[in-house]
Amino acid sequence: MATVAPLRAVLIRPARGMVVAAVLVGWLVLWLILRGINTLPLGAAQLTDLHRSLNQLNDAIGASRDTNPIFLYFFNVIRLVVGEFTGVIQAIIAQPAFGGPIPLIGWLGAVALFTWISYAVANAKVALLTAAGLIVVGLQGLWQESMDTLALTLSAVIIALLFSIPLGIWAGLSDRVNRIITPVLDFMQTMPTFVYLAPLTLFFLIGPASATIATLIYAAPPAVRLTAHGIRSVPHDTREAGESLGSTTGQTLTKILLPSAKRTIVLGINQTIMAALSMVTIAALIDAPGLGKTVVKALQTLDVGTAFNAGLAIVVLAIVLDRVTTAASARAEAVRRHGPARELFLEKRGGKQTETIARMELGDSSRIKLKIAANGAAQSGAKDGI
Amino acid sequence: MAAPTEQVTGGGRARDEGSGPVISVRELWKVFGTKADQVARSAELRALPRRELLARTGCTAAVSDVGFEVSPGEVFVVMGLSGSGKSTLVRCLTRLIEPTSGEIVFEGQDILHCDAKQLRELRRHKFSMVFQHFGLLPHRRVIDNVAYGLEISGTPKAQRLKRAGEVIDLVGLSGYERSYPDQLSGGMQQRVGLARALAGDPDVLFFDEPFSALDPLIRRDMQTEVIRLHHEVGKTMVFITHDLSEALKLGDRILIMRDGRMVQMGTGDELVGAPADDYVRDFVRDVPRANVLTLKWIMRPPRPEDPLDGPELSPDVVVREATRAVLAADKPVKVVSNGNLLGMVGDEEILAVVAGSESGA
């Protein structure tokens, strides 16, 4: 041991200088060999071999899209499923087609529905904000576009959460999974959004489906990260205490880890929604319907007024979504903290039992109502889809 | 202080008769590191001190060759400074940390060979643990925290809430059933932890430095509380602490650990009266000896000139209790056990301890 340590130091110290020197030498040699080759600027219509081969790939994919088994049974299926799902959500809230429940009640009806949802998950203040925001959007004449944007955002978020929350839980429980997915998530988040629109269209064509896929790729990482973080930051003692009482793995997860991490997970969902909204706008470049398209079109004709108007609608949507989800997560915390304080107060007045039960019923019923609403939406959506 | 300890000790000893140990640990090893198995198997590596082992293999032996037995109803204290492996040891006993090698027999069942299901059953019904930082579930009310263990083992709701209510009463938290943990003080939170551990009516309670995070006054309350509970419910307890006075106050027997190894195991007066080495001697230096030592530690052999008509005392009487009697008697006190004269205690011997302890304190 005593001899190894200095030896290692001797080995490492000159190595660093050697590496730098080697890099410099290598660089000089390459410069001498490759000088003037493939480094000149391209002419206007000139293509390199790389461009050509990629375009050939594109053509090949285009030709074999409906015959190649990888496309037939994988990419096309994904495109179809995501496209259908997005279409269902769009049909529910954006397109005033017959058959769906909401278009029948008109855009004010939709405003009322969203307001009520905000009230159910958050509070009256936020519900008011939702109503005001949506009415502003409607009065701007951008209702259809806004709802398309919202529909795409929601479908991307729902699909993203379907994968990212379980993945986040897994990463929260397993160090190895965490190590593996962290660079992947870094990659998903740091890659400029424009860059992967092109390869996506290669596989999924353009339109709402590939826009949703692009969006969910961009929006999933925060939910994964924050879910994993929430699970990881449950105090070790709490987890150990649960185990020491004989919890199974499933019980530890559902009764200890998830409830403790709930707030962080909701925060992750909030971040995912915000990321999705911004990406859906950019996805207008690959033919995503909605406000983004309005902005892109208006910018192409230098129609600043229209672009600004649509931009404003996006901001309003962003504010509404952010406030509603933030307030929803804060409310979970508030119920936890202030609920019992009120009970203690009531206890003194001797009305503890009934009041508590009433409060519990209130909490439960609003949750149930929400569930009913969600079910109703899903059912009507399913009808639409069929 | 001494009186309840005596009662507890008496209660504990009464249970000893006729039954084997509840927990019996033999040659227990816990080695952290990639070559852990290798270390546990090699006699040469096992003999190395902790630091050399780390240098040679990169492994840390948190628990090295520990063995002891805990009798039913006993309060067994494991004491050591931080890093001595005591918390790892108690976690090995419940397999919250998987021991590297050794044997742990709990009520005749070899814990190390239990499968996950058996282990879960043991944790649900046979032993439970109280943690240093309480480990309460912040999203659950006190009563639901206490009922957690019963909930996961499938006890019907009405029944588990009833039982939780009972243990909450037992630990003196009545009226706080519907509070949330963060609305309670540290001491009250640990009472919840205690109630939770008691809810499943286990045979053995493990305490992992349960009162270290509490301030001194609350700590004393909680110690008294544990003594009271032990007296009332008579559970076997394994108690981890770094505080010698806590160990002396609660423990029937004390195991002192250092660097993962056992240094000395014995009753409080044995540790104070006959420390095994300088480490233990250092530990017990500041202990008020009069409160811990019994007459058998300070008595001198009877001399021919001793008058034998003085008062008699048992060798297990604590010095402090005997002080008044010895000083009041005009003749040396005889220390007698089962009719045999063991030795004599005079003013000199008593004063040596009392004065010594005062100057020491």
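(A) Seen up close, the overall build of chain A. Of regular secondary structure, chain A possesses 14 helices and 0 strands. Mapped from its N terminus to its C terminus, chain A presents α and β elements in the order α-α-α-α-α-α-α-α-α-α-α-α-α-α. Considering only residue pairs separated by 6 or more positions, chain A has 74% of its internal contacts joining residues 24 or more positions apart.

(B) Up close: the overall build of chain B. Looking only at helices and strands, one finds 18 helices and 13 strands in chain B. Relative to the globule expectation of 21 Å for 361 residues, the C-alpha radius of gyration of chain B, 23 Å, shows essentially globular dimensions. Dimensions along the principal axes, computed over C-alpha positions, put chain B at roughly 70 × 55 × 40 Å. Looking at chain B residue by residue over its 361 residues, the buried ones come to 45%. Considering only intrachain contacts with a sequence separation of at least 6, the fraction spanning at least 24 residues in chain B is 68%.

(C) Summary view of the nonpolar core. Among the nonpolar cores identified, the biggest contains 175 residues, and A219 of chain A together with V77, V146, A195 and V238 of chain B are the most heavily contacted of them. In terms of residue count, helix α6 (residues 143-173) of chain A provides more of this core than any other element does, 15 residues in total. Setting aside residues no more than four positions away along its own chain, V146 of chain B makes contact with A164, V167, I168, V192, A195, R196 and A199 of chain B.

(D) Representation of the sheet that holds strand β10 (residues 261-266) of chain B in the model. Residue and element names in this part refer to chain B. Ordered by their spatial adjacency, 6 strands build an open sheet running β6-β7-β8-β3-β9-β10, and the pairing between neighbours is mixed. Each end of this open sheet is capped by a strand with a single partner; those strands are β6 (127-130) and β10. Across the sheet, the mean angle from the axis of one strand to that of its neighbour is 15 degrees, orientation sign disregarded. Bridge count between strand β9 (residues 253-258) and β10: 5 bridges; the pairing is antiparallel. Bridge pairing links L255 to M265 in β10.

(E) Local environment of helix α10 (residues 236-244) of chain A. When α10 of chain A is considered as a whole, its buried residues turn out to be T238, E240, A241, G242, E243 and S244 of chain A. The elements touched by buried residues of α10 of chain A are α11 (249-282) of chain A together with α6 (116-125) and β6 of chain B.

(F) Representation of the sheet that holds strand β11 (residues 312-313) of chain B in the model. Residue and element names in this part refer to chain B. Strand order in the open sheet formed by 3 strands is β11-β12-β13, and the pairing between neighbours is mixed. Because the sheet does not close on itself, it has two edges, and the strands there are β11 and β13 (340-345). Where β11 lies against strand β12 (residues 333-337), 2 bridges are found, and the strand directions are parallel. Its bridge partner being in β12, L313 is matched across the sheet by V335.

(G) Main features of the confidence of the model for chain A. All names here are of chain A. Per-residue confidence for chain A gives a mean pLDDT of 78, with 78% of residues at or over 70. Low pLDDT, under 50, characterises residues 1-5; the stretch is placed with 1 contact to residues that sit more than four places away or in other chains. In the model, residues 340-386 has pLDDT below 50 throughout and makes 36 contacts with residues more than four positions away in sequence or in other chains.

(H) Local environment of helix α10 (residues 186-199) of chain B. Residue and element names in this part refer to chain B. End to end, α10 covers 20 Å across 14 residues, agreeing with the expected 20 Å (1.5 Å per residue, within 8%). For α10, the tally of buried residues reaches 11 of 14 residues, placing the bulk of the element in the interior. By the burial criterion, the buried members of α10 are Q189, Q190, R191, V192, G193, L194, A195, R196, A197, L198 and A199. In this fold, the buried residues of α10 make contact with β6, α7 (142-146), α8 (148-152), α9 (157-170), β7 (204-208) and α11 (216-233). Downstream of α10 by one or two residues, D201 has phi in the positive range, about 50 degrees.

(I) Representation of the packing of α11 of chain A against helix α12 (residues 291-300) of chain A in the model. Residue and element names in this part refer to chain A. One can describe the packing of α11 onto α12 by two numbers: an axis separation of 7 Å at closest approach and a directional angle of 40 degrees. Accordingly, the angle class assigned to the pair α11 and α12 is oblique. Our pair here, α11 against α12, has a crossing hand that is right-handed. Across from V280, T281 and I282 in α11, the residues of α12 making contact are L291, G292 and V295.

(J) Here's a closer look at the confidence of the model for chain B. Residue and element names in this part refer to chain B. In this model, chain B carries an average pLDDT of 81, and 93% of its residues clear a pLDDT of 70 or more. Counting contacts from residues 1-18, a segment whose pLDDT is below 50, to residues more than four positions away or on other chains yields 25 contacts. Predicted complex, confidence summary: ipTM 0.75, pTM 0.73.

(K) Spatial organisation of the interface of chain A and chain B. Contacts between chain A and chain B engage 20 residues on the former and 25 residues on the latter. Among the elements of the structure, α10, α11 and α13 (304-348) of chain A are those that each provide at least two residues to the side of chain A that touches chain B. Broken down by element, the residue count for the side of chain A that touches chain B peaks at 6 residues, all from α10 of chain A. Of the residues contributing to the side of chain A that touches chain B, the split by class is 7 nonpolar, 7 polar and 6 charged.

(L) Geometry of unusual backbone geometry. Residues and elements named next belong to chain A. Unlike most non-glycine residues, L205 shows phi in positive territory, near 60 degrees. Tracing the backbone shows L205 in the loop between α8 (197-204) and α9 (208-232). Assessed through the 18 C-beta atoms surrounding it within 10 Å, L205 is described here as partly exposed. If you check the backbone angles, L302 has positive phi at about 55 degrees while not being a glycine. Note on placement: L302 falls in the loop between α12 and α13. A residue is classified by how many C-beta atoms lie within 10 Å of it, and L302, with 7 of them, is exposed.

Conventions adopted
- Residues numbered from 1 in each chain as written.
- Chains lettered and ligands numbered in written order.
- Predicted model: local features only at pLDDT ≥ 70, side-chain atom pairs only at ≥ 80, totals over all residues.
- Helix = DSSP H or I, 4+ residues; strand = E, 2+ residues; numbered from the N terminus.
- Contact = placed C-beta atoms within 7 Å.
- Rg over C-alpha atoms; globule rule 2.2 N^0.38 Å.
- Buried ≥ 20, exposed ≤ 12 C-beta atoms within 10 Å, placed from the backbone.
- Core = buried A, V, L, I, M, F, W, Y, C linked by C-beta atoms within 7 Å.
- Pairing = 2+ DSSP bridges.
- Axes fitted to C-alpha atoms, helices over the stretch in contact; angles between N-to-C directions.
- pLDDT = per-residue confidence, 0-100.
- Expected span 1.5 Å × (residues − 1).
- Parallel < 35°, antiparallel > 145°, perpendicular 65-115°, else oblique.
- Left-handed = near helix turned anticlockwise from the far one by under 90°.
- Nonpolar A, V, L, I, M, F, W, Y, C, P; charged D, E, K, R; others polar.

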